Amino acid sequence: MNRILLALFLLIASTGCGLLRGTTPDSANTAIETIKNTNKKLYRFTLDNGMICLIKEDHSAPVVSIQIWVGTGSIHEHDLLGSGASHAIEHMIFKGTPTRKVGDITKEINDAGGYINAYTGMDRTVFLTDLPSEKWRVGLDVLADAVTHSLFPEEEWNKEKDVILREIAMCKDNPDRVLNELLWRTAFTTHPYKFPVIGYEQPFKALTRDQLIDFFHRNYVPDNMITVIAGDINRDETEKYVSGLFSGLERKSRAPVVIPQEPAQISARLARKTGSYNITRVQCVYHTVPLSHADVPALDILAEITGAGLSSRLTQNLKENLKLVESINAYSYTPKEPGVFEISATLAPENEEKVIAAIHAEIESWQKSEFTTGELEKAKRCLLSSQLNELQTMSGQAESYASGEFYAADPRFSTEYLNRINSVTPGMLKAVAAKYLTAQNETIAVLAPSAETEKSISEPSGKQTNEVRKITLPNGAVLLVKEEHRLPFVSFCAAFRGGLLSENESNNGITPLMADLITRGTKERNSREIAVAVESHGGMLSPFAGNDVFGLSAKCLSSDSQLFMDIFSDCLLNARFPEEEIEKQKKVQISAIDQMYERPFFLAQKELKQIMFPGHPYRRETLGSKETVQNITRDEIIAHFKAHVVSSNMVIAVFGDITPEQAIRMTTQALAAIPPKPAPVHEHKKPCPKYPARNKRREPREQAIFLAGFPGITVIDPRRDALDIIESSLSGLSADLAIEAREKRGLVYYIGARQQTGLEPGAFIIYAGTREDAIPEIEQLVTKEIERILTGGIREDEFERARKQIIADYEMSLQDNQYTAMACATGELIGLGYNHIFTTKERFENLTLKDINSAAASIMSTNIPAISLVLPKGSQ
């Protein structure tokens, strides 16, 4: 993501959920035809060596996405099961080939303005790059070389082992990862699903380089690979190049991997773990079937109806009505191997037994009573909308085609999937609920606070057109319109100044609370009716709130744009803030606060803000504290809303498959009643921090966090672009800092820099996730790197690589109208101008090294002003 655009989103930190009802059959058929038509442009061929290749020509943006899927994951590790060998190979793939030394692979992609990454799953390992279309050959050359000719240098393996051990330790700091491991090793006793993808510490330590190389040569063979290229390319030219590039890769014989099947579960299982957690998490799973089974569509729709979105049964009954959970959802996982149906919830510790009982009661109701036709149609439309969403980006298309090929041997499986979905009846939903969601087939995993933690859970002290039309509506609000007909979607975004700068010591957290409540009931619709109306049409209605702005975002099929504008404007004009909804949202927000305090990085950042912003709103947290949120009253929320939702404080963007005339007419009518009052003015004294300052705290976590903070700038400061270059040059695996700290010394799992900008000056932060004994060395490396930048400036190659990455990120962002709508609205609102996003390429091309080095010298010093450390307290 472009760091300019990322900064705007750091201002808003959006939250919310997606939703569609009453859509005409014609609009649904049109959407399905869109998917079919775009899938027709896909070309599939198989090389003589067995590699399957997929090419999709799409000239809607100057971007190409390339992915290589290898059909090997953690379940295929045979005698190395539990070692994380597949994950280790993912790390080592980028450590050099006969023609590229360590660091060259990432650097070459970054120099081309691209992004490279990889991930390991239970059944596959995927390597991917997104980059400007003019450089697609570079991306394919580099990715192909890495995946087929890796050398696994011994010295790099020794260093990377320590990095992966740090990652294994970091997983212990992530409650969701801890719970997930607990669940899978309990639900599966024989199948290798029971082993975590990353592996266990001791088996991983025993893994040797020779074993890794042998595993690589046995599995990374052409007939076990899929190469997909989607984007702004010529099909014939690409086919010829791909065929030539992989022609030297010989077909190899290999033994099939025999995966032991899980015996039928005949009795309920329960696993429970306690620790220094602030909330309770519950997961219930039931063994089901593989993707090829006829029951899969019904299971998917069952999960959609019962656990997806605000109007889902589980959310409405357990969260909205019974008020037992902070969040709850359901999903059906059906890969090649038999999968599971899962229900997940977060809740207050005292509600654990009640929640499990309520889930069982819900399941019983699904088994006894048939679902309604309306619920079924809503779910079908949501799944259809999800398929459409994948078409927006080149990476989404590449992922969809490769996934279809990998799991169904059909890259166009999305259309077949929709046909199977359309065949589901209410009776089939009842049948699969009765067949699979049984007591003897259930596994429950619980992660809960220990008795000591429960007593002390309190907050610690301490290629497309970019033409946008700007119109001033009769009430003074600013409207931005962008017409783009590639896909039948319309995106809305209304943004308002607010956030931390509009709050005080006693009402900190009121902005996100108020924003979430905007969609929780109006004079005409209650929260459930809003959720059903949106989700029934496969759209999205999502409030957002951040440090400096808040607002409401929506997305829908263009045929539903008037309906969505009616709902959108109803929320902004007639939000009712019911007392019962306020109490529910307070619990949700307080639960989110509790979860933040479980993350070491958050704790280090919180302490750094206390040092750098004394007496200033930026020292506070966007979500507030548990105490302030709990004490906010309905009258305060209504007053805050009325003060800020006024026309002079508002920018609304309407982007997508709509004409400017339609957007202007619809918006003018819908939002005419927004009060034409002056925007509130919030003044604050400048913070007066005392530097140098250092803070250290210990937490019962595995990792150590190092943060070095420098006084920063505002989001509209002219130095902003130059500092983005500095930020980029210090971040990523190809940065000097990462190469030295991670690649050469194995000191960190991650290291980099980020800017915290806002309407008032923020901070420039250099960060690292490491171990306690490495902190002094990390600090020395950071100081040395700063000194290099201040004395000699960044190098030309660093400058060019950072510039290309930022421009490439910007060009990729143009694929998403919802994103650009929000960026334009917030840009106009905070003073950057609505067109700021579209001048990115020109601005960065005009930057000079002198600009960069001058900006660095203006904020950085080898005498680091503020340091915040979070260190392990010992084993949990």
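Above this text is the structure in question.
The sections below set out a description of the structure shown in this document.

Analysis parameters
- Residues numbered from 1 in each chain as written.
- Predicted model: local features only at pLDDT ≥ 70, side-chain atom pairs only at ≥ 80, totals over all residues.
- Heavy atoms only, no water.
- Helix = DSSP H or I, 4+ residues; strand = E, 2+ residues; numbered from the N terminus.
- Rg over C-alpha atoms; globule rule 2.2 N^0.38 Å.
- Buried < 20%, exposed > 50% of the residue type's maximum accessible area, 1.4 Å probe, protein only.
- Areas by Shrake-Rupley, 256 points an atom, 1.4 Å probe, with all protein chains shown as cover.
- Pairing = 2+ DSSP bridges.
- Polar contact = N/O pair within 3.5 Å; in protein donor to acceptor, adjacent residues only side chain to side chain.
- Salt bridge = Lys/Arg side-chain N within 4 Å of Asp/Glu carboxyl O.
- Phe/Tyr/Trp six-rings, centres within 6.5 Å; stacked < 30°, edge-to-face > 60°.
- Lys NZ or Arg CZ within 6 Å of the ring centre and 35° of its normal.
- Core = buried A, V, L, I, M, F, W, Y, C linked by side-chain atoms within 4.5 Å.
- Axes fitted to C-alpha atoms, helices over the stretch in contact; angles between N-to-C directions.
- Contact = heavy atoms within 4.5 Å.
- Patch = residues over 30% accessible without salt bridge, like charges linked within 9 Å, V, L, I, M, F, W, Y side chains within 5 Å.
- Lys, Arg positive; Asp, Glu negative; His and termini not counted.
- Charge placed at Lys NZ, Arg CZ, Asp CG, Glu CD.

**Some thoughts on the overall build of the protein**
- A count of helices and strands for the protein gives 33 helices and 23 strands.
- For 876 residues, the compact-globule formula gives about 29 Å, and the C-alpha radius of gyration of the protein, at 27 Å, lands near that figure.
- Judged by the C-alpha coordinates and their principal axes, the protein covers about 75 × 75 × 60 Å.
- Within the protein, the proportion of its 876 residues that are buried is 63%.
- Of the accessible surface of the protein, which amounts to about 32200 Å², a share of 50% is contributed by carbon and sulfur atoms.

**A word on the pairing of strand E21 (residues 748–756)**
- Most of E21 is tucked away: 7 of the 9 residues are buried.
- Note: E21 against strand E22 (residues 763–770), 8 bridges, orientation antiparallel. Bridged to arginine 754 within E22 is isoleucine 765.
- In sequence, E21 turns back onto E22 through a hairpin of 6 residues.

**Points about the environment of arginine 525**
- Along the chain, arginine 525 turns up in the loop between helix H19 (510–517) and helix H20 (527–535).
- Overall, arginine 525 belongs to the partly exposed group, its relative accessible area being 22%.
- Separated by 109 residues in sequence, arginine 525 and arginine 634 place their C-alpha atoms 19 Å apart.
- At a separation of 2.8 Å, a polar atom in the side chain of arginine 525 contacts the side chain of aspartate 570.

**Details of the pairing of strand E23 (residues 866–872)**
- Across the 7 residues of E23, 7 count as buried, placing the element largely inside the fold.
- In the sheet, strand E20 (residues 704–711) pairs with E23 via 5 bridges, with the strands oriented antiparallel. Looking across to E23, one finds that phenylalanine 706 is bridged to leucine 869.

**A look at the pattern of salt bridges**
- One pass over the structure, following the stated rule, counts 59 salt bridges.
- Residues glutamate 160 and arginine 742 are paired through a salt bridge, measuring 2.8 Å at the closest nitrogen-oxygen approach. With respect to class, glutamate 160 is no different from arginine 742; both count as buried.
- Here glutamate 743 ties to arginine 742 by a salt bridge, and the two come within 3.8 Å at their closest N and O atoms. Both residues of the pair, glutamate 743 and arginine 742, belong to the buried class.
- Through salt bridges that share partners, Lys107, Asp111, Asp736, Glu785, Arg788, Arg795, Asp797, Glu798 and Arg801 make up one connected network.

**Here's the deal with the packing of aromatic side chains**
- Enumeration according to the criterion identifies 25 aromatic pairs in this entry.
- Ring centres of tryptophan 69 and phenylalanine 406 lie 5.8 Å apart, and the angle between their planes is 55°; this geometry places the pair in the tilted category. With tryptophan 69 in strand E4 (residues 63–70) and phenylalanine 406 in helix H15 (residues 394–408), this residue pair connects regions lying 337 residues apart in the sequence. In this pair, the class of tryptophan 69 matches that of phenylalanine 406, namely buried.
- Seen in terms of ring centroids, tryptophan 184 and phenylalanine 188 are 5.3 Å apart; in terms of plane orientation they differ by 10°. Their pairing is stacked.
- In this structure tryptophan 184 comes out as buried when scored by relative accessible area, which is 8%.
- A residue is classified by how much of its surface remains accessible, and phenylalanine 188, at 3% relative accessible area, is buried.
- Aromatic rings pair up to connect Phe94, Phe127, Phe152, Phe216 and Tyr220 into one cluster.
- The lysine or arginine in question, lysine 161, covers the ring of phenylalanine 204, its NZ or CZ lying 5.8 Å from the ring centre.

**Regarding the environment of aspartate 717**
- Residue placement: aspartate 717 occurs in the loop between E20 and helix H27 (720–729).
- In this structure the C-alpha to C-alpha distance between aspartate 717 and glutamate 798, which are 81 residues apart in sequence, comes to 23 Å.
- Looking at aspartate 717, its side chain comes within polar contact range of the main-chain nitrogen of arginine 719, at 2.8 Å.

**Thoughts on the nonpolar core**
- Ranked by internal contacts, the top residues of the largest apolar core, which has 67 residues, are Ile301, Leu302, Ile343, Trp366, Leu429 and Leu437.
- The element best represented in this core is helix H11 (residues 296–307), accounting for 7 residues.
- Core analysis: the next-biggest nonpolar cluster, separate from the first, contains 50 residues, Met51, Leu165, Cys171 and Ile213 among them.

**A few points about the sheet that holds E23**
- Ordered in space as E19-E23-E20-E22-E21, the 5 strands form an open sheet in which the pairing is mixed. Each edge of the sheet is formed by a strand with only one pairing partner; in this case those strands are strand E19 (693–699) and E21. Taken pair by pair, the neighbouring strands of this sheet meet at an average axis angle of 10°, ignoring direction.
- Pairing between E19 and E23: 7 bridges, direction parallel. For arginine 694, the partnering residue across the bridge sits in E23 and is isoleucine 867.

**Some details on the sheet that holds strand E10 (residues 327–333)**
- In spatial order, the strands read E8-E12-E9-E11-E10; together these 5 strands make up an open sheet with mixed pairing. Both edges of this open sheet fall to strand E8 (269–275) and E10, since each of them pairs with a single strand only. If you compare each strand with its neighbour and ignore which way they point, the axes differ by 10° on average.
- Judged from the 8 bridges that link them, strand E9 (residues 280–287) and strand E11 (residues 340–347) form a sheet pairing that is antiparallel. Bridging from a neighbouring strand, histidine 287 pairs with valine 340 of E11.
- Sitting on the sheet, helix H7 (residues 175–187) is in contact with E8, E9, E10, E11 and strand E12 (442–449), with an inclination near 150° to E12.

**Observations concerning a negative patch on the surface**
- Where like charges cluster on the molecular surface, the negative patch consists of Glu579, Glu580, Asp635 and Glu636.
- Mapped by element, the contributors of at least two residues to the negative patch are helix H22 (579–596) and helix H25 (634–644).
- Relative to the helices and strands, aspartate 635 resides in helix H25.

Function cannot be inferred from these measures alone, as they are strictly geometric.
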